[in-house]
Amino acid sequence: MLRDLPDDDEWIRAHSQVIGARVRARREHLNVRQEAVFLAADVDRRTLQALEAGTGNPTLATLMRIAYVLDMPLAELLG
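First, a word on scope: everything that follows refers to the structure included in this document. (Residues numbered from 1 in each chain as written. Predicted model: local features only at pLDDT ≥ 70, side-chain atom pairs only at ≥ 80, totals over all residues. Heavy atoms only, no water.)

1. Observations regarding the overall build of the chain
Then step 1. Along the backbone of the chain there are 5 helices and 0 strands.
Then step 2. Ordering the α and β elements of the chain from the N terminus gives α-α-α-α-α.
Then step 3. Structurally, the chain occupies a C-alpha span of about 40 × 20 × 20 Å along its principal axes.
Then step 4. Across the 79 residues of the chain, 27% fall into the buried class.
Then step 5. Restricting the contact set of the chain to residue pairs at least 6 apart, pairs at least 24 apart contribute 57%.
Then step 6. Both charge centroids of the chain, one from 10 positive and one from 12 negative side chains, sit 6 Å from each other. (Helix = DSSP H or I, 4+ residues; strand = E, 2+ residues; numbered from the N terminus. Buried < 20%, exposed > 50% of the residue type's maximum accessible area, 1.4 Å probe, protein only. Contact = heavy atoms within 4.5 Å. Lys, Arg positive; Asp, Glu negative; His and termini not counted. Charge placed at Lys NZ, Arg CZ, Asp CG, Glu CD.)

Structure, rendered in structure tokens:
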């Protein structure tokens, strides 16, 4: 059985913040700057900044690139 979507997108914002926190925590754990990540992942600086702030809407490819350069499974990133 399928679930009904909530009336607002608050649940999306909440999950986006969790994903952003995971990216930031992993980056800090590796002791690397945002610049190193966006350059290695070949993504725009603003995309990574927005993702870490929990306000971005990255593509799956972007998430895959970031997870790869941070050496973390995509499933761990998405939770």
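2. Re a nonpolar patch on the surface
Then step 1. A surface patch of nonpolar side chains, about 310 Å² in accessible area, is lined by Leu-5, Trp-11 and Ile-12.
Then step 2. Secondary-structure assignment places Leu-5 in the segment before helix 1 (10-29).
Then step 3. Since its relative accessible area comes to 66%, Leu-5 is described here as exposed. (Patch = residues over 30% accessible without salt bridge, like charges linked within 9 Å, V, L, I, M, F, W, Y side chains within 5 Å. Areas by Shrake-Rupley, 256 points an atom, 1.4 Å probe, with all protein chains shown as cover. Salt bridge = Lys/Arg side-chain N within 4 Å of Asp/Glu carboxyl O.)

3. Thoughts on helix 3 (residues 45-53)
Every α-helix winds through 3.6 residues per turn, so residues three or four apart in the chain are directed the same way.
Then step 1. All of the buried residues along helix 3 are Leu-48, Leu-51 and Glu-52. Viewed end-on, helix 3 has its buried residues packed into an arc of 95 degrees, placing them on one side of the element.
Then step 2. Against the buried residues of helix 3 lie helix 1, helix 2 (34-41) and helix 4 (60-69).
Then step 3. The N-terminus of helix 3 is capped by Asp-44, whose side-chain oxygen sits 3.0 Å from the backbone nitrogen of Arg-46.
Then step 4. Positive phi appears at Gly-54, one or two residues downstream of helix 3, with a value of about 80 degrees. (Arc of directions from axis to C-beta. Polar contact = N/O pair within 3.5 Å; in protein donor to acceptor, adjacent residues only side chain to side chain.)

4. What to know about the environment of Ala-41
Then step 1. With respect to the helices and strands, the residue Ala-41 is situated in helix 2.
Then step 2. For the pair Ala-41 and Asp-4, spaced 37 residues apart in sequence, the C-alpha to C-alpha distance is 35 Å.
Then step 3. With sequence-adjacent residues up to four places away left out, Ala-41 is seen in contact with Arg-65, Ile-66 and Val-69.

5. Considerations on the nonpolar core
Then step 1. Counting 14 residues, the largest nonpolar core has Val-23, Leu-48, Leu-51, Ile-66, Leu-70 and Leu-77 as the members making the most contacts within it.
Then step 2. Counting only elements with at least two residues in this core, the list comes to helix 1, helix 2, helix 3 and helix 4.
Then step 3. Apart from residues lying up to four places away in sequence, Leu-48 is in contact with Val-23, Gln-34, Val-37, Phe-38 and Ile-66. (Core = buried A, V, L, I, M, F, W, Y, C linked by side-chain atoms within 4.5 Å.)

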